[in-house]
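# Close look at the chain arrangement
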Amino acid sequence: MKFLLVGDVVGNSGMSILKNNLKEIIKKESIDFCIINGENSASGRGIKEKQYKELLELGADVVTMGNHLYYRKEAAKLYEEEERLLIPANVTNLKGKGSIVVEKNGVKVAVINLLGKVYMGEVNNDFVTCPFKEVKKQLEILKKDSPDYIFLDFHAEATAEKKAMGQYLKEDITCLFGTHTHVQTSDEEIIEGSMAYITDVGMTGPKDSVIGLKTEIALARFVTGEKIKYECSESEPIFNSVIVTTEDNTKKPVSIKRYNI
Ligand SMILES: [Fe+2]
Ligand SMILES: [Fe+2]
């Protein structure tokens, strides 16, 4: 099977490159299953029903979130009600699903979403439990559905936290893909022939920006310390993703490749 994993979609710029390309990529690359991180799809902050529905229509099978899940009050209802929308399983102060099993073409694909705890900025760590303990709980819950494949979107800042999680889960899941930094790493690998891994898938959003934000605003905040309200850049988009191919009999990953436009 072929799985397409798309990094944080940022604002109108990110949504537009998906609208122009995603269906074609899915067809051309014979993608069987697509997971998209949508935490910045609504003007860079969070997600609304509009973007969630559009992502599904464009070909996402599951949409994941991250630390931007608190920005929009109306999103709380989506987290509770929308079947294919995940929030990090270790967040304790919002209701929603932290994992899911989707049956597609006779194959059961599980997806887990987790938040890191290291250098996560404004997130109140009091409401985020240990991702290492939480992931084992989620794996236990998923066992009853006997999934053929298990994917984890580990939304975290610190490389070491993601690398450690990769080592922790290398015998348990099909693939760990990192999100959140908006910069794609080039360390994709199949760990010990067992689990596909990449520290960060990257960003699908405005290239001329500071990880999606308007450059002049980001610079002002760093250079002069002015607290100008963040705004999403509307510049030309880039598309960052990886494609993971698995072997049908063993269910093990055989390749992980970065796929960018
Ligand atoms: Fe993000
Ligand atoms: Fe994030």
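So, here is what we can say about the structure in this document. (Residues numbered from 1 in each chain as written. Chains lettered and ligands numbered in written order. Predicted model: local features only at pLDDT ≥ 70, side-chain atom pairs only at ≥ 80, totals over all residues.)

As a further point, take the overall build of the protein. Per the secondary structure count, the protein includes six helices and 14 strands. Since a compact globule built from 261 residues should have a radius of gyration of about 18 Å, the 17 Å found for the protein is in line with a globular shape. When contacts within the protein are restricted to residue pairs at least 6 apart in sequence, those whose partners lie at least 24 apart make up 65%. (Helix = DSSP H or I, 4+ residues; strand = E, 2+ residues; numbered from the N terminus. Rg over C-alpha atoms; globule rule 2.2 N^0.38 Å. Contact = placed C-beta atoms within 7 Å.)

Here the focus is the pairing of strand 11 (residues 203-206). Examined bridge by bridge, strand 2 (residues 8-9) and strand 11 share two bridges and lie parallel to one another. Pairing of Val9 across the sheet is with Thr204, part of strand 11. Bridging between strand 11 and strand 12 (residues 237-238) involves two bridges; their strand directions are antiparallel. What sits directly across from Pro206, in strand 12, is Pro237. (Pairing = 2+ DSSP bridges.)

A word on the packing of helix 1 (residues 11-28) against helix 2 (residues 49-58). Packing of helix 1 against helix 2 brings their axes to within 10 Å, and their N-to-C directions diverge by 20 degrees. Between helix 1 and helix 2, the angle falls in the class roughly parallel. By crossing handedness, the relation of helix 1 to helix 2 is classed as left-handed. Of helix 2, the residues touching helix 1 (which contributes Met15, Leu18, Lys19, Leu22 and Lys23) are Gln51, Glu54 and Leu58. Taken together, the residues of the contact of helix 1 with helix 2 break down into four nonpolar, one polar and three charged. (Axes fitted to C-alpha atoms, helices over the stretch in contact; angles between N-to-C directions. Parallel < 35°, antiparallel > 145°, perpendicular 65-115°, else oblique. Left-handed = near helix turned anticlockwise from the far one by under 90°. Nonpolar A, V, L, I, M, F, W, Y, C, P; charged D, E, K, R; others polar.)

In this structure, His180 is a non-glycine residue whose phi angle is positive, near 110 degrees. In this structure, His180 sits in the loop between strand 8 (175-179) and strand 9 (189-191). The backbone of Ile211 shows a phi angle near 45 degrees, a positive value even though the residue is not glycine. Note on placement: Ile211 falls in the loop between strand 11 and helix 6 (215-223).

To continue, consider the environment of Val242. Relative to the elements of secondary structure, Val242 occurs in strand 13 (residues 240-246). For Val242, a count of 25 C-beta atoms within 10 Å corresponds to the buried category. In this structure, the C-alpha to C-alpha distance between Val242 and Phe3, residues 239 residues apart in sequence, is 8.2 Å. Setting aside its immediate chain neighbours within four residues, Val242 contacts Leu5, Phe177, Glu188, Ile198, Val201, Ile256, Lys257, Arg258 and Tyr259. (Buried ≥ 20, exposed ≤ 12 C-beta atoms within 10 Å, placed from the backbone.)

This part is about the nonpolar core. Ranked by internal contacts, the top residues of the largest apolar core, which has 66 residues, are Leu5, Val111, Phe151, Leu152 and Leu176. Ranked by residue count, the leading element in this core is strand 6 (residues 107-115), at six residues. If we ignore the near neighbours within four places in the chain, the residues touching Leu5 are Ile35, Phe177, Val201, Ser241, Val242 and Val244. (Core = buried A, V, L, I, M, F, W, Y, C linked by C-beta atoms within 7 Å.)

Here three strands make up an open sheet; going across it, the order is 2-11-12 and the pairing mixed. Bordering the open sheet on either side are strand 2 and strand 12, each of which pairs with just one other strand. Running at roughly 115 degrees to strand 11, helix 1 makes contact with strand 2, strand 11 and strand 12 of the sheet.

Next up on the list: helix 2. Since there are 3.6 residues in each turn of an α-helix, residues three or four apart along the chain are aligned in direction. Every buried residue belonging to helix 2 is among Gln51, Tyr52 and Leu55, and all of these are buried. Seen from one end, helix 2 has its buried residues packed into an arc of 105 degrees, which puts them on one side. Among the exposed residues of helix 2, those pointing more than 90 degrees away from its buried face are Lys50 and Glu57. Looking at the buried positions of helix 2, the neighbouring elements they touch are helix 1, strand 3 (33-37), strand 4 (62-64) and helix 3 (75-81). (Arc of directions from axis to C-beta.)

A few words now on the sheet that holds strand 4. Spatially, 4-3-1-13-14 is the arrangement adopted by the five strands of the open sheet, whose pairing is mixed. Whereas interior strands pair on both sides, the edge strands pair on one side only; in this sheet they are strand 4 and strand 14 (253-260). Averaged over all adjacent pairs, the angle separating strand axes in this sheet is 20 degrees, with direction ignored. Where strand 13 meets strand 14, seven bridges bridge the pair, whose relative direction is antiparallel. When the sheet's bridge partners are listed, Ser241 is paired in strand 14 with Tyr259.

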